[in-house]
Amino acid sequence: MMRKTTTLTTKRFGFIMGILFAASLVTLVLVTFFGRPALSMNEILFSESSWAREIFYYVRLPRVLLGFLVGAALSVTGVNFQSLLRNPLADPYILGVSGGAALGGVVGLALGLSFQLMLGVSFIFALLSLVGIYWIAQVGGRLSSSSLLLTGLMFNAFAFALVLLINALVEIGQSQQIIYLLMGSLEATSWNTVLWLFAIVFLGVIVTTLLSKNLNVMSLGEEAALRLGVNDQKLRKIFFVVSSLMVGASVAVAGLIGFVGLFVPHVLRLIFGPDHRLLIPASALGGGIFLVVCDFIARSVVTSGEVYLQLPVGVITALTGGPFFIFLLRKQRASIL
Amino acid sequence: MIETKNLSLTLGDKLILKEMCFHLKRGEFVGILGPNGSGKTSLLRVLSGIYPNYSGSATLYLIPTKNLKPKGLAQMIAVVPQEEHFPFSYSALEVVLMGRTPYVGFAGFDSAEDCEIARLAMQQTDCWSFATRPVDTLSGGEKQRLLIARALAQKTPFILLDEPSTHLDLAHQQSTFTLLKRLAYEQNMGVACITHEINLAHQYCDRIYLIKEGHLLGGDTPKSVLTVEKIKSVFGISSQMVTTCDGKAYHVFL
């Protein structure tokens with residue numbers, strides 16, 4: 001695909017981000033009001049103490065906002081990993097960082113920790129997984145693509161096994177929560193979790209956006225970054241911590257939702273090009289839109305008789321993202337692996 | 001000027017550079033020649049701040065290069081690597097604009113000035129015609145010219161090149177060496193170029209260094225350094241000097 005203009009001026013940036021902001025708002029409004037069960041705007045705004053209003057404030061709105069935040073966090077982290085690890089197939093789920101965070105979340109659940117402490121444990125597990133994978137995949141000082149993906153595979157299997165082990169040991173109520181965490185779901189959320197996630201994701205997206213100009217040269221490798229005046233090692237640490245924070249928080253709240261960080265950045269790269277100064281903020285909004293739409297489908301499409309089934313959103317993202325990953329692998333195998 | 005005194009470098013347990021005394025002034029075009037694995041690229045890496053753990057001194061206007069921040073160094077010394085791997089399909093222009101990284105402001109957007117500098121750099125290296133093409137569709141030679149353009153966009157007083165002509169056709173080899181000479185003479189830049197093209201180096205360079213097993217030799221005019229005896233001792237091949245009717249000397253390898 002040939003793009004017409006390839007320089008990123010303030011004007012082009014503002015124009016594209018403006019459109020994405022508008023698209024985000026429209027999507028948020030649409031999925032909030034048109035999902036199942038249907039809520040009429042009349043009932044919510046004008047009738048006193050109706051069930052619709054309760055559902056709107058305590059179920060629908062937090063769920064939609066949470067979906068947007070988690071989608072933003074996973075997409076931005078996906079871009080970060082793809083650039084820092086120089087691998088277009090990198091994604092928090094595939095690399096096993098989400099798996100590590102889920103293990104942290106499960107440990108937190110099993111120990112009966114408070115929500116904030118669970119976030120902390122998830123973050124630390126995500127960071128340890130990321131650093132571990134990065135360290136293991138570096139063969140002889142350079143990052144090999146196949147060893148990166150294989151290490152991620154191993155990490156996932158390992159984390160999953162430990163989660164199942166813990167699952168076998170805890171009582172049935174906690175086991176239920178663990179299963180939800182593994183499936184990936186935006187249900188059962190309170191305003192408190194939404195606010196916490198908002199604080200973390202907002203901070204993460206802002207920091208990443210402000211540093212995004214460096215990701216362009218860092219994607220060419222540590223040496224190239226250094227030659228172009230970017231202190232790779234220092235910035236890499238910041239990106240790792242911020243990414244782990246976002247993945248840890250997302251997984252602790254919404255569980256394992258795969259492929260968002262792979263699907264969204266690639267589609268946006270095809271449309272806007274690979275410049276990270278645009279790609280990072282665009283992925284935040286695009287990822288938000290993608291996940292709320294997936295969640296909209298998850299709760300509005302499959303019926304059993306008259307009742308709408310509430311699928312976990314992870315089912316929808318995996319159904320779209322899985323084949324997409326294979327498509328990418330097939331397309332890029334020659335140059336990547 | 002860039003200067004090293006008794007520069008030694010050990011990587012792992014191998015001594016790569018041995019007591020090198022090198023210097024590069026503005027306004028001169030210096031060639032660095034030597035067999036594969038003799039330490040040419042390592043010398044460039046020390047000068048561009050990538051290997052900080054050397055002994056001896058490597059200075060830029062008497063300031064040790066390890067004391068300079070990456071950004072400051074990138075505003076003084078531009079480096080053209082042998083090759084570079086691009087994981088994403090950046091456009092050619094985007095790659096050249098990355099050369100402006102040491103100068104971009106906090107927001108990091110491309111100013112009109114950046115775009116103009118990138119355009120001029122690409123015109124100088126004959127890259128402007130493929131400015132919008134994705135870098136993964138370019139040939140090896142086109143990529144090499146692009147990397148030179150990116151180094152020019154850095155607007156540095158010094159430029160170091162690592163075999164910039166390996167993938168180039170003969171016409172672009174000549175035009176690249178002509179460009180490097182013009183950078184030295186017209187824009188008063190200090191240019192050092194690693195190359196295997198003995199004849200081009202002989203014609204275009206002001207001074208020649210030879211590297212043999214980590215030792216730096218020569219540093220004088222091509223005529224006095226590129227002799228049949230020295231070529232034999234450094235490269236291990238026999239050669240003869242042939243003079244064409246217009247009086248230019250060429251090396252012929254036997």
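Residues numbered from 1 in each chain as written. Chains lettered and ligands numbered in written order. Predicted model: local features only at pLDDT ≥ 70, side-chain atom pairs only at ≥ 80, totals over all residues. Heavy atoms only, no water.

Time to look at empty space enclosed by the protein. A full pass over the atoms with the stated rule returns 2 cavities of 30 Å³ or more. Forming the boundary of the largest cavity are A:Lys213, A:Asn216, A:Asp275, A:Arg277, B:Tyr90, B:Glu94, B:Leu97, B:Met98, B:Thr101, B:Val104, B:Gly108 and B:Asp110. Of all the secondary structure elements, the ones that give two or more residues to the lining of the largest cavity are helix H8 (191-218) of chain A together with helix H3 (92-97) of chain B. Grouping the constituent residues of the lining of the largest cavity by class yields 4 nonpolar, 3 polar and 5 charged. What the second largest cavity holds in volume is close to 40 Å³. Of all the secondary structure elements, the ones that give two or more residues to the lining of the second largest cavity are helix H9 (222-227) of chain A together with helix H2 (70-76) and strand E6 (77-80) of chain B. Looking at the lining of the second largest cavity element by element, the count peaks at 3 residues for H2(B). Taken together, the residues that form the lining of the second largest cavity break down as 6 nonpolar, 1 polar and 1 charged. (1 Å grid on protein atoms, 1.4 Å probe; cavity = no way out; pocket = protein on both sides within 12 Å on 5 of 7 lines; lining within 4 Å. Points joined across faces, edges and corners; volume = space filled by probe spheres on them. Helix = DSSP H or I, 4+ residues; strand = E, 2+ residues; numbered from the N terminus. Nonpolar A, V, L, I, M, F, W, Y, C, P; charged D, E, K, R; others polar.)

A:Val70, A:Ile257, B:Phe29, B:Met122, B:Leu146, B:Ile159 and B:Val191 are the most contacted members of the largest nonpolar core, which has 141 residues in total. When near neighbours in sequence (up to four residues on either side) are disregarded, B:Val191 contacts B:Leu24, B:Glu28, B:Phe29, B:Val30, B:Ile159, B:Leu161, B:Leu180, B:Leu183 and B:Ala184. Judged by nonpolar contacts, the second largest core, of 29 residues, contains B:Ile2, B:Leu17, B:Ala58 and B:Leu216. (Core = buried A, V, L, I, M, F, W, Y, C linked by side-chain atoms within 4.5 Å. Buried < 20%, exposed > 50% of the residue type's maximum accessible area, 1.4 Å probe, protein only. Contact = heavy atoms within 4.5 Å.)

Once that is clear, we can look at the interface of chain B and chain A. Accessible area lost when the parts come together is the quantity often used to give the size of an interface. Between chain B and chain A, the residue contacts involve 35 residues of the former and 33 residues of the latter. With both chains or domains summed, chain B and chain A bury close to 3100 Å², and 63% of this area falls on carbon and sulfur atoms. Our enumeration of links across chain B and chain A arrives at 3 salt bridges. Measuring nitrogen to oxygen at the nearest pair gives 2.6 Å for the salt bridge that ties A:Arg227 to B:Glu84. (Buried area = accessible area lost by both parts, 1.4 Å probe. Salt bridge = Lys/Arg side-chain N within 4 Å of Asp/Glu carboxyl O.)

With the rule as written, the count across this model stands at 12 aromatic pairs over all chains. Judged by centre distance (5.5 Å) and plane angle (55°), the ring pair of A:Tyr93 and A:Phe259 falls under tilted. Placement of A:Tyr93 in the loop between helix H3 (51-84) and helix H4 (97-110) and of A:Phe259 in the loop between helix H10 (232-254) and helix H11 (260-272) is noted, with a sequence separation of 166 residues between them. The buried category is assigned to A:Phe259, whose relative accessible area is 15%. With a centroid separation of 5.4 Å and an interplanar angle of 20°, the aromatic rings of A:Phe198 and A:Phe202 are classed as stacked. Within this pair, A:Phe198 and its partner A:Phe202 are both found in helix H8, separated by 4 residues, close to a single helical turn. Judged by relative accessible area, A:Phe198 falls into the partly exposed class, the value being 42%. In this arrangement the basic side chain of B:Lys66 is found over the ring face of B:Tyr54, its NZ or CZ atom lying 4.3 Å from the centre. (Phe/Tyr/Trp six-rings, centres within 6.5 Å; stacked < 30°, edge-to-face > 60°. Lys NZ or Arg CZ within 6 Å of the ring centre and 35° of its normal.)

By themselves these figures say nothing about function.
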